[in-house]
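# What the coordinates show
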Amino acid sequence: MMASILAGNDVEQEYLWSFTLTGSDKEYCWAPEDPTPEAKEGKEDEENDGNVNPGHRLLIKSAILMPSAKKDEVTIVQIESEGYNKKTVIVPICAMKGGSDYQQYVDLLVPTKAKLKLLQGEGPIVLIGSHCVYYSGFRDVEAVESEDEDEATDNDDEMDVAEEVKGKGDEGLD
């Protein structure tokens, strides 16, 4: 897992993701569930604060056509997902020929639910990438907690200094 801070108040975690499409398993639906069942029921825990809104993206980086694919058979992978203005987009994302193409750079960001399908060929073809989970407002929650702790510490320090000055400042004035 890798975590990084995005622009604004967002934090993102990345997890390795892969799936193999074959002649017997020609379709994969990517539809991560969020929020957690506890949040849906109104129960919040420390990790699922009401200010933190998790979201998911799939970043498909590469496709590997396994050497067991039939020689000269073209394998095509297609994606179906939601595009701009909620329009359905159905488009091939890679085409590889058995015996000559083994790896292809894809670099496709999928921000919503999607269906990946083996349109042609038997594969096996392995798709590799990152499942990115980002949390909007994550730093806001930490910042508020941190500010509350800082204010409490500052007030204690100010009181200690005031008592110390009062005790020492009155000695030589008589």
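Residues numbered from 1 in each chain as written. Predicted model: local features only at pLDDT ≥ 70, side-chain atom pairs only at ≥ 80, totals over all residues. Heavy atoms only, no water.

## Observations regarding the pattern of salt bridges
Going by this rule: Here, a salt bridge means any Lys or Arg side-chain nitrogen found within 4 Å of an Asp or Glu carboxyl oxygen. Segments assigned H or I by DSSP are reported as helices when at least four residues long, segments assigned E as strands when at least two residues long, and all are numbered from the N terminus. Note on classification: 1.4 Å probe, protein chains only; a residue is buried when its accessible area is under 20% of the maximum for its type, exposed when over 50%, partly exposed between these limits.
The tally for this structure, following the rule as stated, stands at three salt bridges. For Lys26, the salt bridge identified is with Glu122, shortest N-O distance 3.7 Å. A residue pair is termed long-range when its members are at least 10 positions apart, and Lys26 in the loop between β2 (10-21) and β3 (27-30) and Glu122 in the loop between β8 (114-120) and β9 (125-136) qualify at 96 residues. On the accessibility criterion, Lys26 (33% relative accessible area) is partly exposed. Judged by relative accessible area, Glu122 falls into the partly exposed class, the value being 33%. Ionic pairing is found between Lys61 and Asp107, a salt bridge with its closest N-O pair at 3.1 Å. Of the two residues, Lys61 sits in strand β4 (residues 53-65) while Asp107 sits in strand β7 (residues 103-110), which places them 46 residues apart along the sequence. Lys61 sits in the partly exposed class, given a relative accessible area of 30%.

## Some words on the pairing of strand β5 (residues 74-82)
For the record, the criterion: Each pair of strands is called paired provided DSSP finds at least two bridges between the two strands.
Looking at chain direction, β5 and strand β6 (residues 88-97) are connected through nine bridges and run antiparallel. Among the inter-strand pairings, Thr75 is bridged to a residue of β6, identified as Met96. The antiparallel hairpin formed by β5 and β6 contains five residues in its connecting segment, where Asn85 sits at a positive phi of about 60 degrees. Judged from the six bridges that link them, β5 and β8 form a sheet pairing that is antiparallel.

## Some details on the nonpolar core
Short version of the rule: Remark: nonpolar core denotes a set of buried residues (Ala, Val, Leu, Ile, Met, Phe, Trp, Tyr, Cys) joined through side-chain atoms within 4.5 Å. Contact definition: two residues touch when any of their heavy atoms are within 4.5 Å.
Counting residues in hydrophobic clusters, the biggest one holds 22 residues, and the most contacted among them are Trp17, Leu21, Ile60, Val77, Leu116, Ile125 and Leu127. Going through the elements one at a time, β2, β3, β4, β5, β6, β7, β8 and β9 are the ones with two or more residues in this core. The element that contributes the greatest number of residues to this core is β4, accounting for four residues. Non-local contacts of Leu127, meaning those with residues more than four positions away in its chain, are made with Trp17, Ser18, Phe19, Leu21, Ile60, Ser62, Ala63, Val77 and Leu116.

## Points about the side chain of Thr75
Mapped onto the elements of the fold, Thr75 is located in strand β5. Residue classification places Thr75 among the buried positions, given a relative accessible area of 0%.

## A word on unusual backbone geometry
With an omega of 0 degrees, the peptide bond between Gly123 and Pro124 qualifies as cis. Positive phi, close to 60 degrees, is recorded for Lys86, a residue that is not glycine. Assignment of secondary structure puts Lys86 in the loop between β5 and β6. Looking at Lys86, the relative accessible area reads 65%, which means it is exposed. We note that Asp107 has phi near 50 degrees; this positive angle belongs to a residue other than glycine. Overall, Asp107 belongs to the partly exposed group, its relative accessible area being 38%.

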